[in-house]
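Listed below are the residues making up each chain.
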Amino acid sequence: MQITFLGGAGTVTGSKTLIEVGKEKILLDCGLFQGLKELRLKNWDKLPVKASEISYIILTHAHLDHCGYIPLFVKQGFQGKIICTPPTRDLAEIILKDSGKIQEEDAERANKYGYTKHHPAKPLYTVEDAIFAMNFFETIELHEWVELFPDIKFQFKNAGHILGSAFVELHIQDKTFIFSGDIGRKKPLLLHPKEKIGHADYIVCESTYGDRLHDKTPAIITLWEAINYTILDKGGTLLIPTFAVERAQELIYLLSILKKEKKIPHDLPIYLDSPMGVDATEVFANYPNYHTLSKSEIREMHNTVKLIKDFQTSVDIVNDNRQKIVLAGSGMSTGGRILYYYNKYLGDDKNTILLVGYQAEGTRGRSLKEGDNEIKFFGTYHEVRAEIMEISSLSAHADQHEILDWLKTADKPPKTLFLNHGEPHQSNALRAKIQDALKWEKVIVAKMNEPFYID
Ligand SMILES: [Zn+2]
């Protein structure tokens, strides 16, 4: 058999791991490359395997860098089954439709302004393609074994990364393979902590934060400080560009605690102005077994935040001059409703922008984080006078120590540990650390499109 990393190797996006056993082919995750243009262009490259030859996609979770290629893969002729947990299916539907919409809008813009080599510019896939791809999904619960082929079966175990996320225990004949997907923190805010590895002959582990440790300051403290400073001291408005899935719900949960403890003025309006965020919040409420929130906590969350989907209501809130807290997408300010708020509030130092997640290179969020004094959107440059603050402890990924602790839950050193889903410096730093701390001998940093043979 062989394992080939078709993405998520040497980079943190585009996760696709091909597993071949004789003629049988399985794809683990089917993600989109994101971020810098050079990476995004890879989404147009031909894959070294035919979509029609793959029987199954095992999907670990609904982040776009793990599921975002699926509609395109279906367009290319995939006719097999996509297997994931029920919350992953629901979140993937929200995320893939949104991705289709963004692809369509990007192509439209490229045609309008003529910045394309292809005439006319085409989207990778459309909303309709995304909806069609949902027909191939089948869901199973955690710990439910699925026989894919004779002598090849797998189960999902909780990864504690985002709602519905799982790592994969795959049995091929007498060998056990563990694929981490993305693995979560030691104590996730809203999820059950990840499960142990147990027995494994081979492990594939992500290394996004392989070279780093997360900030230990509790997020609620920084959030409270940002609210106090902006709302009470400066008399301004607090804008939080946020990811719709997980991060938005985490923030609403933290805000609901602050409100309950009377640490936020009771009449201060708080909005989640994000159709996707509102939908994702509903998915949370629908799967009580997949998170740790109680019914009353969910009720408190609903009472804390006004959920906004309708565009006209959003425009009214933007234009309302009263103080408020607004959570809106997108998380890296690459698009979405947050830009309408920037248009009105970015130029005044009374206001604060609170960054709450990873800001990739080349995004407006990164420019804000780095203190640029202007950013471009809606076709012109806008001066940044609002203050920029950051919560850096809210990450959904395990950091270096947390990854090591998770690897220690393996019964014994695996024959080989592959590190994927990391920039080379991240994966290499983790490899050195594992060899030093765990004395595991065979640790390989995955390279794109390079097959590994296992006998
Ligand atoms: Zn993820």
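Residues numbered from 1 in each chain as written. Predicted model: local features only at pLDDT ≥ 70, side-chain atom pairs only at ≥ 80, totals over all residues. Heavy atoms only, no water.

(A) Focus on the side chain of Thr60. Structurally, Thr60 is set in the loop between β4 (56–58) and α2 (64–67). Once you skip the residues sitting within four places of it in the chain, Thr60 turns out to touch Leu28, Asp29, His66, Thr88, Gly164, Ser165, Ala166, Val168 and Gly181. (Helix = DSSP H or I, 4+ residues; strand = E, 2+ residues; numbered from the N terminus. Contact = heavy atoms within 4.5 Å.)

(B) Region of interest: the coordination of the zinc ion. Around the zinc ion, the protein supplies His61 (NE2), His63 (ND1), His161 (NE2) and Asp182 (OD) as donor atoms, at distances of 2.2 to 2.3 Å. Around the zinc ion sit 4 donor atoms, and with donor-metal-donor angles ranging over 92 to 162° the site reads as irregular. All donors of the zinc ion come from a single chain, and their spacing in sequence reads H-x1-H-x97-H-x20-D. Note that His161 is positioned in the loop between β8 (152–158) and β9 (166–172) and Asp182 in the loop between β10 (175–179) and β11 (202–206), a separation of 21 residues in sequence. Each member of the pair, His161 as well as Asp182, is classed as buried. (Donors = N, O, S within 2.8 Å, 3.2 Å for Na, K, Ca; no water. Tetrahedral: all angles 85-135°; square planar, octahedral: opposite > 155°, others 65-115°. Buried < 20%, exposed > 50% of the residue type's maximum accessible area, 1.4 Å probe, protein only.)

(C) The sheet that holds strand β21 (residues 443–445), seen in detail. Spatial strand order, β7-β8-β9-β10-β11-β20-β21: 7 strands in an open sheet with mixed pairing. The two strands at the open ends of the sheet, each matched to only one other strand, are β7 (146–149) and β21. Within this sheet the neighbouring strands show an average axis-to-axis angle of 20°, counted without direction. The sheet contact formed by strand β20 (residues 416–420) and β21 spans 3 bridges and is parallel. Bridging across to β21, Leu419 finds its partner in Val445. Packed onto the sheet, helix α13 (residues 400–407) meets β9, β10, β11 and β20 and runs at close to 160° relative to β11. (Pairing = 2+ DSSP bridges. Axes fitted to C-alpha atoms, helices over the stretch in contact; angles between N-to-C directions.)

(D) Structural detail: unusual backbone geometry. The residue after Gly329, namely Ser330, is reached through a cis peptide bond having omega 5°. Structurally, Ser330 can be placed in the loop between β15 (325–328) and α11 (338–345). Positive phi, normally seen in glycine, also occurs at Ser333, with a value near 60°. Structurally, Ser333 can be placed in the loop between β15 and α11.

(E) The domain arrangement of the protein, seen in detail. Taken domain by domain, the protein holds domain 1 (2–212 + 396–453) and domain 2 (219–390). Taking the mean C-alpha position of each, domain 1 and domain 2 sit 29 Å from one another. Listed per partner, the contact involves 22 residues of domain 1 and 20 residues of domain 2. Summed over both sides, the interface between domain 1 and domain 2 buries roughly 2,100 Å², with carbon and sulfur atoms accounting for 71% of that surface. Per-residue buried area on domain 1 facing domain 2 is highest for Leu163, Leu189 and Leu190; these three make up 34% of the total on that side. If you look at where domain 1 meets domain 2, you find 0 salt bridges. On the surface where domain 1 and domain 2 come into contact, there are 6 residue pairs in polar contact (both at pLDDT 80 or more). When the residues that make up the side of domain 1 that touches domain 2 are grouped by side-chain class, the tally is 15 nonpolar, 4 polar and 3 charged. (Domains from an automatic or database assignment. Buried area = accessible area lost by both parts, 1.4 Å probe. Salt bridge = Lys/Arg side-chain N within 4 Å of Asp/Glu carboxyl O. Polar contact = N/O pair within 3.5 Å; in protein donor to acceptor, adjacent residues only side chain to side chain. Nonpolar A, V, L, I, M, F, W, Y, C, P; charged D, E, K, R; others polar.)

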